[in-house]
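# Overview (structure and organization)
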2 protein chains.
Amino acid sequence: MSLRLEVLNTGSELLLGSVRDAHLSWLGRELFPLGLRIARQTTVPDGAPIRDALLEAFARTDVIIVTGGLGPTTDDITRELAAELLGRKMLPHPETLERIQERCRRRGFSFQPRMERQAMAPQGATVLPNDNGTAPGLYLPAVEGISWSSPHLFLLPGPPRELQPMAVAHVLPVLKELAKRHSGGGTQECRIYKVVGMGESMVEVKIGLELSKRGDLEVGYCARPNEVDFRLIGPREILDQVEPSVLAVVGDYLVSGDEKSMEEIVVHLLGQKGATLATAESCTGGHLVNRLTNVPGASKVFLEGFVTYSNRSKSDLLGVPADLISTHGAVSEEVVRAMAEGALRKSGATFALATTGIAGPDGGTPEKPVGTVWLALARDGCEPEVWKETIPADRITFKQVVTQSALDRLRKRLKALTNS
Amino acid sequence: MSLRLEVLNTGSELLLGSVRDAHLSWLGRELFPLGLRIARQTTVPDGAPIRDALLEAFARTDVIIVTGGLGPTTDDITRELAAELLGRKMLPHPETLERIQERCRRRGFSFQPRMERQAMAPQGATVLPNDNGTAPGLYLPAVEGISWSSPHLFLLPGPPRELQPMAVAHVLPVLKELAKRHSGGGTQECRIYKVVGMGESMVEVKIGLELSKRGDLEVGYCARPNEVDFRLIGPREILDQVEPSVLAVVGDYLVSGDEKSMEEIVVHLLGQKGATLATAESCTGGHLVNRLTNVPGASKVFLEGFVTYSNRSKSDLLGVPADLISTHGAVSEEVVRAMAEGALRKSGATFALATTGIAGPDGGTPEKPVGTVWLALARDGCEPEVWKETIPADRITFKQVVTQSALDRLRKRLKALTNS
């Protein structure tokens, strides 16, 4: 029987919406390759509801990962609550106390006596050192023969940059061992085919239904802005076996056959082809360049990015003639072409991408409503590709969809280069 | 007694980590002003676990908002499951069918017969039209006198850009009415004081503990990269009454006394002071300009942004002397100062911010390890402020912390202008 694992996020700020959870997606991705899937995730506010949620999960699951509530303030009670539920005493952990005091010295903060709470641990717990904050994590292994079911319990700090390195060093290795001991057969693999330009119904009709009928694959779909993620989970040999039929159907629309993001694919393809890139953005305001530079190694292929929000900057930095802007408007086929050509000329890059549009909420007109955007992809010695889209959405989604379209166009162009 | 509300997110992609939930934080923020708080949020995979989670929540809560599982594919079963649990027949909804067919025509997709499932609704449900996708939402009001407790049930589509406009138009107004009918007293207000440069223990010792003792305020803390969010929830008059003591303690460290983000504050202050801004980024790769342009109205104060990833672009675009780079290195006090001055000169803006550093994971040296970053804030006629930080973190966190530091310096400078 495979191990059942749940995640419990604590923190009123998550339910108030002040902070967006980052743990579930990170943990989900890290656990899958170990043969583990998160069966359920729950978020509760600080305080008593943590106890209810823990007790419910105790009765249902083999492993619980709790995030948050390990800080020094009075609303941080996860540590004490877990000890109480398991009937364990809290004991001081001198090594942790020293670590916290040292950290305060190093960062120039004064040590507060109430930080001592963070250096207490339930009896029998393994203390997981925190290299990026004060609160250590705690691991309370399941105890055989306890009167009521007690799962393996991991208490981890709330900030992602503390939790993630700690989990990598001290939690995932333990879970890997536990999973091995429990798992009956081989582990499963997950393949996600990212498809742009084909709806999810179509993907299902053309290939998904047939694969569902096999019974040895889990088939799933997720519609995202300008993208459908077609998901297959199963043993590697089965996935390899069906992959040719998947590619035969979605091949032309396929962005990626794995979990790589569009920007990772583009940076990788640029490197592969020895090509470089520059960007000239108006309406996307740096979202395009920010996506590209999120990819480690981007500096090898990305030369420079212009965010020309004002008309004057389009002329000064990219050499877009001022009369072109006054005649056609900043959001026009003519201007986006001149922006891309200007970025190409200024940077000496192989390719340049340009965007100009109306992100809203203001600035729309009847002829050019909010959501109108022109895009261009230029390459030295070639006529630029110029295209228009209309994406009525909030400002953030607008940026995401527009940059997705820009990157996809470049991706196709680079792939064609590979094949020639 | 106040209304208890829970959110149930469905979708295997959320638990696998392929997609990061955006609903909880959005709903939390939208519901609070109506006097509603989310008591618990649960994520379950597609399929049978939805039934278990729904049944558990039925017994516990007054309102359930379910997201996802309304699509056209076979893993989308929320609609049918809810009907089955409530003992309702599924009936065709011709208006929705027409809407979907019209949408396909408009977008150039071919209508698939299986989309017809999306035009079925449980008997007694209110159909909530979807202006941004095919699947309509559904509202199943609580029925008085039913043998087992049945809460108000809202089924909403998974994609945020479909869910959000639908919720604003058709869900929040209903919940507002329900909240009014149930609420005993007045609504509460939430104030978040964003504090930079003071640890959470210190905030608690200096003011939080005292406020907790009052008993009429809910006090909370959330540590974020380079920021502590100090949260007070209570009736407005109490919040007004204690605010002076809060400001007396955290005033110098206060970034914002409401939920505004750092970038919103900076854009607002720039506008207020009639000042403009340009940016020159190396290691933050457009993250700074992207944050600024996420704010509606940024185009009024933001002129242009340079992302100068290569050394050559630092010289060509910003006029950084090549020998300065070869003598001191691209990550140096001298180069960041020249970048900021160059951006100021080129743009004619009032202020310019510049960053250069080593985001990693590669590129570090013993003298300049990964995480080293130089920042500069320039203003015409003044000596630029230049400062160094060391932020060993993953690439994304690094960008977030560095741009937070840059914006905070500008914010302080702008606030000082206001007071002069």
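Reading the values: the criteria
- Residues numbered from 1 in each chain as written.
- Chains lettered and ligands numbered in written order.
- Predicted model: local features only at pLDDT ≥ 70, side-chain atom pairs only at ≥ 80, totals over all residues.
- Least-squares fit on C-alpha atoms with pLDDT ≥ 70 in both.
- Contact = placed C-beta atoms within 7 Å.
- Nonpolar A, V, L, I, M, F, W, Y, C, P; charged D, E, K, R; others polar.
- Buried ≥ 20, exposed ≤ 12 C-beta atoms within 10 Å, placed from the backbone.
- Helix = DSSP H or I, 4+ residues; strand = E, 2+ residues; numbered from the N terminus.
- Pairing = 2+ DSSP bridges.
- pLDDT = per-residue confidence, 0-100.
- Core = buried A, V, L, I, M, F, W, Y, C linked by C-beta atoms within 7 Å.
- Arc of directions from axis to C-beta.
- Axes fitted to C-alpha atoms, helices over the stretch in contact; angles between N-to-C directions.
- Parallel < 35°, antiparallel > 145°, perpendicular 65-115°, else oblique.
- Left-handed = near helix turned anticlockwise from the far one by under 90°.

### What to know about the relation of the copies chain A and chain B
- Superposition record for chain A on chain B: RMSD 0.1 Å, screw rotation 180°, translation along axis 0.0 Å. Such a combination of turn and shift is consistent with a two-fold rotation axis. Ranked by how close their C-alpha atoms come to the rotation axis, the residues of chain A are headed by A:T42, at 2.2 Å.

### Overview of the interface of chain A and chain B
- The interface is formed by 84 residues belonging to chain A together with 83 residues belonging to chain B.
- Residue classes in the side of chain A that touches chain B are distributed as 35 nonpolar, 31 polar and 18 charged.

### Quick word on the pairing of strand β9 (residues 189-195) of chain B
Residue and element names in this part refer to chain B.
- For β9, the tally of buried residues reaches 5 of 7 residues, placing the bulk of the element in the interior.
- By the bridge criterion, 7 bridges tie β9 to strand β11 (residues 227-234) in an arrangement that is antiparallel. Residue pairing in the sheet places K194 in a bridge with D229 of β11.
- Of the pairings in the sheet, the one linking β9 to strand β12 (residues 254-256) comprises 2 bridges and is antiparallel in character. When the bridges of β12 are listed, K194 appears paired with S256.

### Regarding the confidence of the model for chain A
- When pLDDT is averaged along chain A, the result is 90; 96% of the residues meet or exceed 70.
- For this predicted complex, the interface score ipTM comes out at 0.74, while the overall pTM is 0.75.

### Remarks on the nonpolar core
- Core analysis: the largest hydrophobic core is formed by 240 residues, its most contacted members being A:M339, A:A340, A:A352, B:M339, B:A340 and B:A352.
- Those residues in contact with B:A340, other than ones at most four positions away along the chain, are B:A280, B:A352, B:L353, B:A354, B:A376, B:L377, B:A378 and B:P384.

### With respect to helix α4 (residues 78-86) of chain B
Residue and element names in this part refer to chain B.
- Looking at α4, one finds that the buried residues are T78, R79, A82 and A83. Seen from one end, α4 has its buried residues packed into an arc of 135°, which puts them on one side.
- Looking at the residues trailing α4, positive phi occurs at G87, about 65°.

### Let's talk about the packing of helix α2 (residues 23-31) of chain A against helix α6 (residues 160-182) of chain A
All names here are of chain A.
- Viewed as axis vectors pointing N to C, α2 and α6 meet at an angle of 30°, and their least axial separation amounts to 11 Å. Between α2 and α6, the angle falls in the class roughly parallel. Seen from above, α2 lies across α6 with right-handed handedness. Contacts from H23, W26, E30 and L31 in α2 reach P160, L163, Q164, A167, L172 and L175 in α6.
- A breakdown of the residues in the contact of α2 with α6 according to their chemical character gives 7 nonpolar, 2 polar and 1 charged.

### Let's talk about the sheet that holds strand β14 (residues 302-308) of chain B
- Spatially, 10 strands are ordered β17(A)-β16(A)-β15(A)-β13(A)-β14(A)-β14(B)-β13(B)-β15(B)-β16(B)-β17(B) in an open sheet, and the strand pairing comes out mixed. With one partner strand each, in any of the chains shown, β17 (385-390) of chain A together with β17 (385-390) of chain B form the two edges of the open sheet. Sheet twist, expressed as the mean angle between neighbouring strand axes with direction ignored, is 10°.
- Contacts from helix α13 (residues 333-347) of chain A reach β13 (277-281), β14 (302-308), β15 (351-357), β16 (372-379) and β17 of chain A within the one sheet, and its direction differs from that of β15(A) by about 145°.

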